[in-house]
Amino acid sequence: MNDPDIRVEKGHAEPEEVAAITALLLARAAARSSEPVPAHRGRAKAGWRRLEREPGFRAPHSWHG
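Not measured: the values here are computed from a predicted model.

Caption draft 1: Region of interest: the overall build of the chain. Looking only at helices and strands, the chain has 1 helix and 0 strands in total. Here the chain holds 65 residues, and the buried ones make up 0% of them. On the chain, roughly 7100 Å² of surface is accessible, and the fraction owed to carbon and sulfur atoms is 56%.

Caption draft 2: Looking closely at the environment of Val8. By the secondary structure assignment, Val8 is in the segment before helix 1 (15-31). Under the relative-accessibility criterion, Val8 is labelled partly exposed at 40%. A sequence separation of 10 residues divides Val8 from Val18, and the C-alpha atoms of the two residues are 8.7 Å apart.

Caption draft 3: How the structure looks around a nonpolar patch on the surface. Together, Ile6, Ile21 and Leu25 make up an exposed nonpolar region whose accessible area comes to about 260 Å². Examined against the element boundaries, Ile21 turns out to sit in helix 1. The exposure class of Ile21 is partly exposed, given its relative accessible area of 46%.

Analysis parameters
- Residues numbered from 1 in each chain as written.
- Predicted model: local features only at pLDDT ≥ 70, side-chain atom pairs only at ≥ 80, totals over all residues.
- Heavy atoms only, no water.
- Helix = DSSP H or I, 4+ residues; strand = E, 2+ residues; numbered from the N terminus.
- Buried < 20%, exposed > 50% of the residue type's maximum accessible area, 1.4 Å probe, protein only.
- Areas by Shrake-Rupley, 256 points an atom, 1.4 Å probe, with all protein chains shown as cover.
- Patch = residues over 30% accessible without salt bridge, like charges linked within 9 Å, V, L, I, M, F, W, Y side chains within 5 Å.
- Salt bridge = Lys/Arg side-chain N within 4 Å of Asp/Glu carboxyl O.

Right under this line is the structure:
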């Protein structure tokens, strides 16, 4: 298994450039928080209603918020 961890797809990178990219990636990985960030922070359901999805008739004595 002599496959490198980082591979240059196009062009030629000097060893110093590969080392700089590696240092940058390691610094970013270390700066991440250890707690997972939730993917969705809002409510599961919208707080508003779309008028075209509402039924057309409501009884006049009913209360709708």
